[in-house]
Amino acid sequence: HTIIAAGNGGNPALDGIFIPSGIVGVTIEKLRVEGFKSGIYGARFNDNTTVQDVHVYNNNTVGGGNGGIFFN
């Protein structure tokens, strides 16, 4: 897996992966996302999104985050 980690130059006050409103047909796979306020955050209207074989670790609610995976 590819690792996206706040401890590797990332910012723990940000989302690891952010999908803006209205983006459709996204596939996120074979990743590890760790140490952010939200591991994966989908804003709104993200139809047909697939999250597969993804590990989310130690993502928390610092700065108003939603933890692991959140789609509005």
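Up top is the structure.
Report follows, based on the coordinates. (Residues numbered from 1 in each chain as written. Predicted model: local features only at pLDDT ≥ 70, side-chain atom pairs only at ≥ 80, totals over all residues. Heavy atoms only, no water.)

1. Digging into the overall build of the protein
Point 1. Secondary structure assignment for the protein yields 0 helices and 6 strands.
Point 2. Counted from the first residue to the last, the protein has its helices and strands arranged as β-β-β-β-β-β.
Point 3. Its C-alpha atoms give the protein a radius of gyration of 11 Å, near enough to 11 Å, the size a compact globule of 72 residues would have.
Point 4. Here the C-alpha coordinates of the protein stretch approximately 30 × 25 × 15 Å along the principal axes.
Point 5. A fraction of 51% describes how many contacts in the protein between residues 6 or more apart in sequence connect residues 24 or more apart. (Helix = DSSP H or I, 4+ residues; strand = E, 2+ residues; numbered from the N terminus. Rg over C-alpha atoms; globule rule 2.2 N^0.38 Å. Contact = heavy atoms within 4.5 Å.)

2. A word on the sheet that holds strand β1 (residues 2–5)
Point 1. In spatial order, the strands read β1-β3-β5; together these 3 strands make up an open sheet with parallel pairing. Each end of this open sheet is capped by a strand with a single partner; those strands are β1 and β5 (50–57). Here the average twist between neighbouring strands, direction ignored, is 30°.
Point 2. Bridging between β1 and strand β3 (residues 27–34) involves 4 bridges; their strand directions are parallel. Bridge assignment links Ile3 to a residue of β3, and that residue is Arg32. (Pairing = 2+ DSSP bridges. Axes fitted to C-alpha atoms, helices over the stretch in contact; angles between N-to-C directions.)

3. As for the packing of aromatic side chains
Any pair of aromatic rings gets described here by the distance separating the centres and the angle formed by the planes.
Point 1. Tallied over the entire structure, the rule returns 2 aromatic pairs.
Point 2. With centroids separated by 5.7 Å and ring planes inclined at 10°, the aromatic side chains of Phe18 and Tyr41 adopt a geometry described as stacked. Placement of the pair is Phe18 in strand β2 (residues 15–19) and Tyr41 in strand β4 (residues 38–42), with a sequence separation of 23 residues.
Point 3. Residue class for Phe18 comes out partly exposed when judged on its relative accessible area of 45%.
Point 4. Judged by centre distance (5.3 Å) and plane angle (25°), the ring pair of Tyr41 and Phe70 falls under stacked. Here Tyr41, found in strand β4, pairs with Phe70, found in strand β6 (residues 67–71); they are 29 residues apart in sequence, far enough to count as distant.
Point 5. With relative accessibility at 19%, the residue Tyr41 sits in the buried group.
Point 6. For Phe70, a relative accessible area of 28% gives the class partly exposed. (Phe/Tyr/Trp six-rings, centres within 6.5 Å; stacked < 30°, edge-to-face > 60°. Buried < 20%, exposed > 50% of the residue type's maximum accessible area, 1.4 Å probe, protein only.)

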